[in-house]
Protein chains: 2
Amino acid sequence: MSVLVVGSIALDDVKTPAAEHKDLLGGSASYAAVAASFYGPVRLVGVVGEDFPPEHRALFDERKIDTAGLEVLPGKTFRWSGEYEENLNNRKTLSIALNVFEKFQPKLPTAWKQSEYVLLGNIAPSLQMQVLKQMEHTKFVVADTMDLWINLAKPDLLELLKRVDMLILNDSEAKLLTGEGNLIRAGRAILGFGPRYVIVKKGEHGALLFDAQGGFFSTSAYPLEVIHDPTGAGDCFAGAFIGALAAAGDLSFAGLKKAVVQGTLVASFNVEEFSLRRLQTLTRAEIQEREGAFLKHLTFS
Amino acid sequence: MSVLVVGSIALDDVKTPAAEHKDLLGGSASYAAVAASFYGPVRLVGVVGEDFPPEHRALFDERKIDTAGLEVLPGKTFRWSGEYEENLNNRKTLSIALNVFEKFQPKLPTAWKQSEYVLLGNIAPSLQMQVLKQMEHTKFVVADTMDLWINLAKPDLLELLKRVDMLILNDSEAKLLTGEGNLIRAGRAILGFGPRYVIVKKGEHGALLFDAQGGFFSTSAYPLEVIHDPTGAGDCFAGAFIGALAAAGDLSFAGLKKAVVQGTLVASFNVEEFSLRRLQTLTRAEIQEREGAFLKHLTFS
């Protein structure tokens, strides 16, 4: 079952205490689409400028991602530059240039309007809604978001939340969106805004899945001694989640839990190298091997 | 199998954003001994002053804790006063009065020297060592510690670590002790100091168990919407851990994992009320019921 992924596609400059790299492939849709592609076919909706490097497009091709929805507009690709502090937990944005992204009006190829599994990657909620309004027969729609939209476009986000099946966001964003200091209360409060499910990502501490019918699932992250670049981990999580969900077609709570674990695993690989370099060489066999180790880490009875 | 618990016994004044209580039963040994008592007999080694309230001693009696090692010295009981910030994650110590604790020289009743399961609760490493040197046939010795001792008595602590089976400490203490910013590296680095096992507690994010032979276990915390007083959660974790371990007598890695889960469960009850009030009414049936819910939260295959 094809997964439709919409979001940003960017050229990133990323600096960590250990290294610095320029013109990396970045953006929420790039990470999510590549992560989802490990589980089945992916349709990518996004926009780039005329400067978008052929080697980045080649990665989408290698991963057999359908780029019929990838628009090329005159001008430059969206650029982001950021720097991570020691221990990689905090980052600051050094610069943003929206470029062609400013004119992004997502339009779906006609056949794609029937896509059943949809990831509205992290972009403005109004753009996420624009995509959603073009969809005709969705089975499961996931929206990702970030603090920027909670601060700048909360009414749009709340409107969107009435129409999606799941919201994915991180712990500080969940607290920001709800005003709740307790993460369990925050997760449950978001269910009150409309989505049937909420996933709260906690980085190195794993993720929480809340179900409006009372279900709850908590998983640890895969333990890593070395992290090179946390950029895109959340997008990879969301992409692998929707990819695994679509591949299995099991929308029960048990099925959702399994998809959360896949999200956790693919995200854990992604942070091992800059940009999408680790996912470029990643295989399903490696994911399965790590899944086996991960299961042992969590099992106690 | 009896568990020997040594540590501090205190009268606490605790203030949270929601409430303030005075003259509460506190101290690492109080929490740990009561937590351990849900699994089997407990021997308590500690010191109090002549002002120690009969109702606090009555709790030890109710829980059938053997207080033959509880010394009463002329003077006042150790006092601690602290205040929690909004969301209860940070606390500051407002005052400390060591009182009789300053003269504490733990001496074990002769029969207790044969205790096989020992929890060296959070006190100065030199006092923990003094207890350990009196023990004759230990099977499993756990030491707890805190940032104070890492900063003030690191050589003593490192000496102790050569002689215990397990160290329990929290995430920031693990980083402080090792100088490692990454928690997985920090946990493994501590194994290099001597203990075969290390548990890193992460509060609301659960706990990590490291085995010098490469084993690893990660568990979430039990999800709580309301926390009234986090004081003693770590001590309860350690107490329930050693109590459950002694009761089962299973020192395999699988046995340790199960004891970690019991530690997590009892700690989750303890924070629901001030001091040891929740554990005062807690039953084994309640622990088992929560264990069932907890298992469902973590299971995904």
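Remember, predicted model here, so these are calculated numbers, not experimental data. (Residues numbered from 1 in each chain as written. Chains lettered and ligands numbered in written order. Predicted model: local features only at pLDDT ≥ 70, side-chain atom pairs only at ≥ 80, totals over all residues. Heavy atoms only, no water.)

Draft legend 1. Spotlight on the overall build of chain A. Across its full length, chain A holds 11 helices and 13 strands. Taking 2.2 N^0.38 as the reference for a compact globule, 301 residues should give roughly 19 Å; the C-alpha atoms of chain A span a radius of gyration of 18 Å, in line with that estimate. With respect to the three principal axes, the spread of C-alpha positions in chain A is 55 × 45 × 35 Å. Taking all 301 residues of chain A together, the buried fraction comes to 58%. Here the analysis covers contacts within chain A between residues at least 6 apart in sequence; of these, 62% occur between residues at least 24 apart. Element-wise, carbon and sulfur atoms account for 49% of the exposed surface of chain A, whose accessible area totals about 11700 Å². Counting 31 positive and 36 negative side-chain charges, chain A places the averaged centre of each group 5 Å from the other. (Helix = DSSP H or I, 4+ residues; strand = E, 2+ residues; numbered from the N terminus. Rg over C-alpha atoms; globule rule 2.2 N^0.38 Å. Buried < 20%, exposed > 50% of the residue type's maximum accessible area, 1.4 Å probe, protein only. Contact = heavy atoms within 4.5 Å. Areas by Shrake-Rupley, 256 points an atom, 1.4 Å probe, with all protein chains shown as cover. Lys, Arg positive; Asp, Glu negative; His and termini not counted. Charge placed at Lys NZ, Arg CZ, Asp CG, Glu CD.)

Draft legend 2. How the structure looks around the interface of chain B and chain A. With 27 residues of chain B at the interface, the matching set in chain A holds 27 residues. Taken together, the two surfaces of chain B and chain A that pack against each other cover about 2800 Å², and 54% of this comes from carbon and sulfur. For chain B, the biggest contributors to the area lost against chain A are His-205, Glu-225 and Phe-300 of chain B; these three give 26% of the whole. In this structure, the connection of chain B to chain A is made through 2 salt bridges. (Buried area = accessible area lost by both parts, 1.4 Å probe. Salt bridge = Lys/Arg side-chain N within 4 Å of Asp/Glu carboxyl O.)

Draft legend 3. Just the sheet that holds strand β13 (residues 216-219) of chain B, in detail. All names here are of chain B. If you trace the 9 strands from one edge of the open sheet to the other, you get β5-β4-β1-β8-β9-β10-β11-β12-β13, paired in mixed fashion. Each edge of the open sheet carries a strand with a single partner, namely β5 (65-73) and β13. The sheet shows a mean angle of 15° between the axes of neighbouring strands, direction not considered. Lying on the sheet, helix α2 (residues 54-62) is in contact with β4 (42-49) and β5; it crosses β5 at an angle near 155°. Across the sheet, helix α6 (residues 171-178) touches β10 (166-170) and β11 (197-201), and the angle it forms with β10 is around 110°. (Pairing = 2+ DSSP bridges. Axes fitted to C-alpha atoms, helices over the stretch in contact; angles between N-to-C directions.)

Draft legend 4. Local environment of the packing of α6 of chain B against helix α7 (residues 183-191) of chain B. All names here are of chain B. Taken N-terminus to C-terminus, the directions of α6 and α7 make an angle of 65°; their axes are 9 Å apart at the nearest point. Between α6 and α7 lies a crossing whose hand is left-handed. Only Leu-183, Ala-186, Ala-189 and Ile-190 of α7 make contact with α6, whose side of the interface consists of Asp-171, Ala-174, Lys-175, Leu-177 and Thr-178. Here the residues of the contact of α6 with α7 are counted per class, giving 6 nonpolar, 1 polar and 2 charged. (Left-handed = near helix turned anticlockwise from the far one by under 90°. Nonpolar A, V, L, I, M, F, W, Y, C, P; charged D, E, K, R; others polar.)

Draft legend 5. Up close: the nonpolar core. In this structure, Phe-140, Met-166, Ile-199, Leu-209, Phe-241 and Leu-279 of chain B are the most contacted members of the largest nonpolar core, which totals 62 residues. Here this core gets 10 residues from one element, more than from any other, and that element is helix α8 (residues 233-248) of chain B. Excluding anything up to four places from it in sequence, Leu-209 of chain B contacts Met-166, Tyr-197, Val-198, Ile-199, Gly-215, Phe-216, Phe-217, Phe-253, Leu-256, Lys-257 and Val-260 of chain B. With 61 residues, the next largest nonpolar core counts Met-166, Ala-207, Ala-238 and Leu-265 of chain A among its residues. (Core = buried A, V, L, I, M, F, W, Y, C linked by side-chain atoms within 4.5 Å.)

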